[in-house]
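Chain by chain, the residues:
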Amino acid sequence: MSVLSAKEIMEIIPHRQPFMLIDTIEELEPGIRAVARKCVSYNEPYFAGHFPDEPVMPGVLIIEALAQTGAVAILSQPEFRGKTAYFAAIQAAKFKGKVTPGDVLTLETKIVKVKGPIGVGEAKAYVDGKLVTSAELTFAISQ
């Protein structure tokens with residue numbers, strides 16, 4: 001059973017369709033970590049051009065989904081409610097497998113450091129338990 005539905009996620013982060021890239025939050029420890037789920041469908045708008053004969057979810061969108069997962073974790077804290085988390089840096093991004101229509105992405109972002117409005121998350125994405133993407137994400141929270 002999900003911890004947060006899409007509607008509840010939209011109460012925490014500002015993203016909306018077609019750019020909200022997480023469907024549910026499965027686990028949440030505010031300020032510490034979140035685990036999200038994304039069911040990848042042929043109906044995703046980017047598959048029309050990436051790539052028509054072999055649809056693959058763009059790696060940058062997997063990173064964005066991981067960032068949205070981390071944003072839910074950090075913005076779930078009372079002191080950050082109503083704020084926005086912006087990208088400040090992406091480090092050590094690695095893509096180890098393709099994500100295609102029909103896959104269910106499990107996205108986990110752990111907040112490993114926060115100093116004032118700046119924080120760092122360790123992010124990993126899996127399909128069927130296999131690591132497909134990892135990165136270190138730095139974010140800045142709006143004032």
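Quick notes on the rules
- Residue positions are given per chain, counting from 1 as you read along its sequence in written order.
- Per-residue local features of the predicted model are confined to residues with pLDDT of at least 70, and side-chain atom pairs are confined, for both listing and counting, to 80 or more; whole-chain, interface and lining totals are unaffected and use all residues.
- Excluding hydrogens and water, the side-chain figures rest on all heavy atoms present in the structure.
- The term salt bridge refers to a pairing of a side-chain nitrogen on Lys or Arg with a carboxyl oxygen on Asp or Glu at a separation within 4 Å.
- Burial here depends on accessible area, computed with a 1.4 Å probe over protein chains only, as a share of the maximum for the residue type. Under 20% is buried, over 50% is exposed, and the range in between is partly exposed.
- Here a strand is any run of E in DSSP of at least two residues, a helix any run of H or I of at least four, and the numbering for each starts at the N terminus.

(A) Representation of the pattern of salt bridges in the model. Counted under the stated rule, the structure contains six salt bridges. Across the salt bridge formed by glutamate 44 and lysine 38, the nearest N and O atoms sit 2.9 Å from each other. Classification of glutamate 44 as buried rests on a relative accessible area of 12%. Beyond isolated ion pairs, a larger network of salt bridges with shared partners links Glu27, Glu29, Arg33 and Glu108.

(B) Expanded view of unusual backbone geometry. Here the amide bond leading from glutamine 17 into proline 18 is cis, since omega sits at 10°, within 30 degrees of zero. Residue histidine 50 is joined to phenylalanine 51 through a cis peptide bond whose omega torsion reads -5°. The phi dihedral of alanine 92 falls on the positive side, at around 50°, and the residue is not glycine. By secondary structure assignment, the location of alanine 92 is in strand E3 (residues 85-95). Given a relative accessible area of 55%, alanine 92 falls into the exposed group. Its identity as a non-glycine residue notwithstanding, aspartate 128 has a phi of 55°, on the positive side. With respect to the helices, strands and loops of the structure, aspartate 128 is situated in the loop between strand E5 (118-127) and strand E6 (130-141).

Interpretation note: all reported values are geometric properties and have no functional meaning in isolation.
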